[in-house]
Amino acid sequence: LMLDKSYGIGAGASSLIYALVTAAGIGLSVLMGVLTARYGSTHVHMAGIGLRLLGFVLLLIPMFTLQDHKLVLATVGFALIVLAWSILSVTGTALAAQLSPFSEGEAMGLMNAALALAVVVGTLLSGPLVGHFGYAVIPILGLGGLTISLALATNLPERETNAR
């Protein structure tokens, strides 16, 4: 809805972008495993957060300026947000298993519960917030949450990597 109302990207186009970028992300998941083994889960996870931050910045810019380029900025921003999910999914799973003080199975269960809770809270709050502040609140809140995530990720311990 935001892509349509704010940037003129209709449902068909946004669905196609999402499908194509998600398909690319499937291939990226294999590469993320290699990069995680080489550089460590924390570093690759922070790169994924950074990529998603960039996506939200690109979505936010046309809300306030550069109206001539809003379609391109929104398309690229949306694509980066979707693509970053592959990175965050692989590295988040690895970090949950690595950093858990209890079994990996329990860690995965808690991680999935936290993700589900985030979806529920985001869904419940986004409608009233958009109704009150407009669609610009979505990338603003995304930037805020990702900035906090990046700050927290800088303090994560890193295990030894397999290769240098």
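All values reported here derive from a predicted model rather than from experimental measurement.

Novice: When you look at the layout of surface pockets in this model, what are you seeing that I'm missing?
Specialist: To find leftover empty space, one rolls a probe the size of a water molecule over the atoms. Its volume calculated, the largest pocket comes out at about 1,300 Å³. Around the largest pocket sit 33 residues that line it, and Arg52, Trp85, Leu115, Ala118 and Ser149 are the ones nearest its centre. For the lining of the largest pocket, the secondary-structure elements that each account for two or more residues are helix H3 (41-64), helix H4 (70-99), helix H5 (104-133) and helix H6 (137-153). The element best represented in the lining of the largest pocket is H5, accounting for 12 residues. Looking at the lining of the largest pocket, its residues break down into 23 nonpolar, 9 polar and 1 charged. Reported here for the second largest pocket is a volume of approximately 420 Å³. Lining the second largest pocket are 15 residues; nearest its centre among them are Tyr18, Arg52, Phe78, Ile81 and Val82. For the lining of the second largest pocket, the secondary structure elements donating two or more residues are helix H1 (2-7), helix H2 (11-39), H3 and H4.

Novice: Would you take a moment to explain H6 for this structure?
Specialist: A turn of α-helix holds 3.6 residues, and therefore any two residues three or four places apart point the same way. Given a rise of 1.5 Å per residue, 17 residues ought to cover 24 Å, and the 24 Å separating the end C-alpha atoms of H6 matches this to within 8%. For H6, the full list of buried residues reads Val137, Pro139, Gly142, Leu143, Leu146 and Ala153. In this structure, the buried residues of H6 make contact with H1, H3 and H5.

Novice: I keep staring at the packing of H2 against H4 and nothing clicks. Help me out?
Specialist: Working note: a packed helix pair is described by the angle between its axes plus the distance between those axes. Interhelical geometry of H2 versus H4 gives an angle of 35 degrees and a closest axis separation of 8 Å. Where H2 crosses over H4, the handedness of that crossing is right-handed.

Novice: For this particular structure, what's the right way to read the confidence of the model for the protein chain?
Specialist: Low pLDDT marks regions whose predicted coordinates should not be analysed in detail. In the predicted model, the protein chain carries a mean pLDDT of 88, and the fraction of residues at 70 or more is 95%. Taken element by element, the protein chain is modelled with least confidence in H1, mean pLDDT 88, and with most confidence in H3, mean pLDDT 92. In this model, residues 160-164 is a region of pLDDT below 50 whose contacts with residues beyond four sequence positions or in other chains number 8 contacts.

Novice: Looking at this structure, I do not really get the environment of Gln67. What am I missing?
Specialist: One can find Gln67 in the loop between H3 and H4. Given a relative accessible area of 44%, Gln67 falls into the partly exposed group. Linking Gln67 and Pro101, residues 34 residues apart in sequence, is a C-alpha distance of 49 Å.

Novice: Mind showing me how you'd approach H2 here?
Specialist: At Gly27, H2 shows its maximal bend, which comes to roughly 30 degrees. Its buried side turned inward, H2 meets H1, H3 and H4. After H2 finishes, the residue Gly40 shows a positive phi value of roughly 100 degrees.

Novice: Sorry, what's going on with the environment of Arg52 here?
Specialist: Structurally, Arg52 can be placed in helix H3. Separated by 27 residues in sequence, Arg52 and Ala79 place their C-alpha atoms 9.3 Å apart. Beyond its immediate stretch of four places on either side in the chain, Arg52 contacts Ile81, Ala84, Trp85, Leu88 and Leu146.

Calculation notes
- Every chain is numbered independently, its residues counted from 1 as its sequence is written.
- Per-residue local features of the predicted model are confined to residues with pLDDT of at least 70, and side-chain atom pairs are confined, for both listing and counting, to 80 or more; whole-chain, interface and lining totals are unaffected and use all residues.
- Side-chain descriptors were evaluated using all non-hydrogen atoms of the structure, hydrogens and water having been removed beforehand.
- Here a cavity means grid points, on a 1 Å grid over the protein atoms only, where a 1.4 Å probe fits yet cannot get out; a pocket means an open set of points with protein on both sides within 12 Å along at least five of seven lines; lining residues are those with an atom within 4 Å of a point.
- Grid points are joined across faces, edges and corners, and a volume is the space filled by probe spheres set on the points.
- To qualify as a helix, a DSSP run of H or I must reach at least 4 residues; to qualify as a strand, a run of E must reach at least 2; elements of each kind are numbered from the N terminus.
- Only Asp, Glu, Lys and Arg are considered charged in this grouping, and only Ala, Val, Leu, Ile, Met, Phe, Trp, Tyr, Cys and Pro are considered nonpolar; every other residue, Gly among them, is considered polar.
- Under the convention used throughout, the expected extent of a helix is 1.5 Å for every residue step, that is, one less than its residue count.
- Remark: exposure states derive from per-residue accessible area (1.4 Å probe, protein chains only) relative to the maximum for the residue type, with buried under 20%, exposed over 50%, and partly exposed in between.
- Any pair of residues with heavy atoms lying within 4.5 Å of one another is described as a contacting pair.
- Angular values range over 0 to 180 degrees, each being the angle between N-to-C directions of two axes fitted as lines to C-alpha atoms, with helices fitted over their stretch in contact.
- What makes a crossing left-handed is the near helix being turned counterclockwise from the far one by less than a right angle; a clockwise turn instead makes it right-handed.
- You can read pLDDT as the predictor saying how much it trusts each residue, on a scale of 0 to 100.
- The term bend refers to the angle at a residue between two fitted axes, each drawn through seven residues, those ending there and those starting there.

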